[in-house]
Amino acid sequence: MPLGITGIDHVQIAVPKALEAASLKFYREIFAFPEIVKPAELQARGGAWFQVGAIQMHIGVDPDASPKSKRHICFLTTDLTTAKAFVLAKGVAIEEEGVAEGLSRFFVRDPAGNRIEIGQR
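Numbers given for residues are sequential positions, taken from 1 along each chain in its written order. Local features in a predicted model are, by the rule used here, given only for residues with pLDDT of at least 70; side-chain atom pairs are given and counted only at 80 or more, and totals for whole chains, interfaces and linings are based on all residues. As a convention, hydrogens and water are excluded, and side-chain values are obtained from all of the structure's heavy atoms.

On to the overall build of the protein chain, then. Per the convention used, a helix needs a DSSP run of H or I reaching at least four residues, while a strand needs a run of E reaching at least two, with both numbered from the N terminus. The secondary structure content of the protein chain amounts to two helices and eight strands. Start at the N end of the protein chain and walk to the C end: the helices and strands fall as β-α-β-β-β-β-α-β-β-β. Put simply, the radius of gyration uses C-alpha atoms, and a globule should come to 2.2 Å times the residue count raised to 0.38. Taking 2.2 N^0.38 as the reference for a compact globule, 121 residues should give roughly 14 Å; the C-alpha atoms of the protein chain span a radius of gyration of 15 Å, in line with that estimate. Here the C-alpha coordinates of the protein chain stretch approximately 40 × 40 × 30 Å along the principal axes. Exposure categories follow from relative accessible area, calculated using a 1.4 Å probe and restricted to protein chains: below 20% of the type maximum is buried, above 50% is exposed, and the middle band is partly exposed. With 121 residues in all, the protein chain has 35% of them scored as buried. What makes two residues a contact is simply this: any of their non-hydrogen atoms within 4.5 Å. At a minimum sequence separation of 6, the contacts of the protein chain that also span at least 24 residues come to 52%. Surface accessibility in these figures is a Shrake-Rupley result with a 1.4 Å probe; residues are shielded only by whichever protein chains are displayed. Here the protein chain displays about 7,600 Å² of accessible surface, and carbon together with sulfur accounts for 56% of that area.

Okay, here's the thing in structure tokens:
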């Protein structure tokens with residue numbers, strides 16, 4: 001590989017300042033990922049960092065909302081049926097579901113409109 005890339009360290013999504021609290025609550029309560037303490041020099045920027053397996057997910061804060069898009073993160077689960085029942089019980093709407101390339105999946109959106117795929121192989 002020309003750049004010598006060996007993997008992904010983290011992904012970052014953005015939420016608008018006006019929806020920061022609702023979005024962080026969503027990730028803390030729906031996904032319950034272990035939260036990582038952000039470095040002191042970055043804490044004033046807002047948002048939060050979470051550990052998702054070997055990769056970190058960073059939630060950054062932008063002043064304004066982003067347009068709705070198909071960009072997304074795909075989280076794998078060991079039990080798609082239970083995951084689907086859980087998000088529905090929490091009042092999260094399923095936007096789309098199906099199978100693609102051997103991945104059974106469904107999509108939801110966080111309060112800021114970020115698209116999230118949850119799938120099982």
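This part takes up the layout of surface pockets. Buried and open spaces are told apart on a 1 Å grid over the protein atoms alone, a cavity being a set of points where a 1.4 Å probe fits but cannot get out and a pocket being an open set with protein on both sides within 12 Å along at least five of seven lines. Residues with an atom within 4 Å of a point are the lining residues. Grid points are joined across faces, edges and corners, and a volume is the space filled by probe spheres set on the points. There is about 260 Å³ of room inside the largest pocket. Looking at the largest pocket, it is lined by 18 residues, and the ones nearest its centre are I13, A14, S69, R71 and N114. Breaking the lining of the largest pocket down by element, the ones donating at least two residues are β1 (10-16) and β5 (72-76). Per element, the largest residue contribution to the lining of the largest pocket is five residues, and it comes from β1. For this classification, the nonpolar set comprises Ala, Val, Leu, Ile, Met, Phe, Trp, Tyr, Cys and Pro, the charged set comprises Asp, Glu, Lys and Arg, and every other residue, Gly included, is treated as polar. Residue composition of the lining of the largest pocket, grouped by class: eight nonpolar, six polar and four charged.

Strand-to-strand pairing in sheets goes through backbone hydrogen bonds, with the strands running parallel or antiparallel. The sheet built from four strands is open, its strands ordered β5-β8-β7-β6 with mixed pairing. The sheet terminates laterally at β5 and β6 (96-100), the two strands that pair on one side only. If you compare each strand with its neighbour and ignore which way they point, the axes differ by 25 degrees on average. Here, axes are lines fitted to C-alpha atoms. For helices the fit covers the stretch in contact, and angles between N-to-C directions go from 0 to 180 degrees. Packing of helix α1 (residues 20-31) onto the sheet brings it into contact with β5, β7 (103-109) and β8 (115-120), and relative to β8 it is tilted by some 10 degrees. Strands pair, by our definition, only if DSSP identifies at least two bridges between them.

This next bit is on the sheet that holds strand β4 (residues 55-62). Strands sit in the order β1-β4-β3-β2 across an open sheet of four strands; the sheet is mixed. For this open sheet the edge positions go to β1 and β2 (35-36), each flanked by a neighbour on one side alone. Where β1 and β4 come together, seven bridges link them in parallel fashion. When the sheet's bridge partners are listed, A14 is paired in β4 with G60.

As a general feature of sheets, a regular strand has side chains that alternate between the two faces. With six of its seven residues buried, β7 lies for the most part within the structure. Across five bridges, the pairing between β6 and β7 is antiparallel. Within β7, the position partnered with E96 by the bridge is F107. In sequence, β6 turns back onto β7 through a hairpin of two residues, with E101 there showing a positive phi of about 50 degrees. The sheet contact formed by β7 and β8 spans six bridges and is antiparallel. Paired with V108 across the two strands is I116, which belongs to β8. Between β7 and β8, which pair antiparallel one after the other, the connecting turn spans five residues, and G113 there sits at a positive phi close to 95 degrees.

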